[in-house]
Amino acid sequence: MVSLARTIRNIQRVGLREWWRQMQYIGDAKSGRFVGRDQFGNRYFENMNAEEEIPGRHRWVDFAQHDFNATQVPPEWHSWLQHIRKDAPPEDPVFAKVTPPWQAPYIENLTGTRGAYKSYNTVAPKINAWEPKVKARA
């Protein structure tokens, strides 16, 4: 539902530089209320005006990294983006009380990157590859 009037209105609201960044990363010009930021530097926005945004697309994330993936969104923000929680984590009083002190900090999934876990095998192989032995000819 991208129209010229909507695009121009959003350029005026967010500025030309932010509009260009949005077009490069999310492919749509959006403007809304800044809700919060997570530990990775991702910014979360919300626009509840039904005339400007399609229902279901009124919450979005602006990733901090250029090479982004879905595992860079922590679980508490994921639940807000997917409408599991009504309030964002900084505004939700229940979330502030329920978070246990022993909970480990969230890290993104590093599979397929240089930081991926690689196991180290210390057991001798059960099947050995055949190694040909060549005798010298006389």
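Residues numbered from 1 in each chain as written. Predicted model: local features only at pLDDT ≥ 70, side-chain atom pairs only at ≥ 80, totals over all residues. Heavy atoms only, no water.

Going by what an unreviewed UniProt entry lists, the protein is known as NADH dehydrogenase [ubiquinone] 1 alpha subcomplex subunit and is assigned to Leucocoprinus birnbaumii. Regarding the protein, the UniProt comment filed under Function (unreviewed entry) reads as follows: "Accessory subunit of the mitochondrial membrane respiratory chain NADH dehydrogenase (Complex I), that is believed not to be involved in catalysis. Complex I functions in the transfer of electrons from NADH to the respiratory chain. The immediate electron acceptor for the enzyme is believed to be ubiquinone." UniProt, in its Sequence similarities (unreviewed entry) section for the protein, records the words "Belongs to the complex I NDUFA12 subunit family." (UniProt positions renumbered as here; feature names shortened; annotations may be inferred.)

Explain the overall build of the protein here, please?
For the protein, the helix and strand inventory stands at four helices and three strands. Here the C-alpha radius of gyration of the protein, 25 Å, is well above what a compact globule of 138 residues would show, namely 14 Å. Burial status across the protein gives 28% buried among its 138 residues. Carbon and sulfur atoms make up 58% of the accessible area of the protein, which amounts to about 11000 Å² in all. Across the protein, the centroid of the 20 positively charged side chains sits 10 Å from that of the 15 negatively charged ones. (Helix = DSSP H or I, 4+ residues; strand = E, 2+ residues; numbered from the N terminus. Rg over C-alpha atoms; globule rule 2.2 N^0.38 Å. Buried < 20%, exposed > 50% of the residue type's maximum accessible area, 1.4 Å probe, protein only. Areas by Shrake-Rupley, 256 points an atom, 1.4 Å probe, with all protein chains shown as cover. Lys, Arg positive; Asp, Glu negative; His and termini not counted. Charge placed at Lys NZ, Arg CZ, Asp CG, Glu CD.)

Sorry, what's going on with the environment of Ser79 here?
Relative to the elements of secondary structure, Ser79 occurs in helix α3 (residues 75-81). Residues Ser79 and Asp67 lie twelve residues apart in sequence; the distance between their C-alpha atoms is 22 Å. Ignoring any residue separated from it by four or fewer positions in sequence, one finds Ser79 in contact with Ile84 and Arg85. (Contact = heavy atoms within 4.5 Å.)

Honestly, the side chain of Arg59 in this entry has me stumped. Any pointers?
Positionally, Arg59 belongs in strand β3 (residues 59-62). Polar contacts involving the side chain of Arg59 include one to the main-chain carbonyl oxygen of Trp80, which spans 2.6 Å. For Arg59, the contacting residues outside a window of four places in its chain are Phe45, Glu46, Trp80, Leu81, His83, Arg85 and Lys86. (Polar contact = N/O pair within 3.5 Å; in protein donor to acceptor, adjacent residues only side chain to side chain.)

What's the story with the pattern of salt bridges in this structure? I'm lost.
Any two side chains of opposite charge can pair, so long as their charged atoms come close to each other. Tallied over the full model, the rule gives eight salt bridges. With a shortest N-O distance of 3.0 Å, Glu91 and Arg33 are connected by a salt bridge. One end of the pair, Glu91, is in the loop between α3 and α4 (93-98); the other, Arg33, is in strand β1 (residues 33-37), with 58 residues separating them in the sequence. Here Arg33 falls in the partly exposed class, since its relative accessible area comes to 41%. The closest approach of N and O atoms between Asp62 and Arg43, which form a salt bridge, is 2.3 Å. Separated by 19 residues along the polypeptide, Asp62 in strand β3 and Arg43 in strand β2 (residues 43-46) bring together distant segments of the chain. The network of salt bridges with common partners includes Glu18, Arg21, Arg43 and Asp62. (Salt bridge = Lys/Arg side-chain N within 4 Å of Asp/Glu carboxyl O.)

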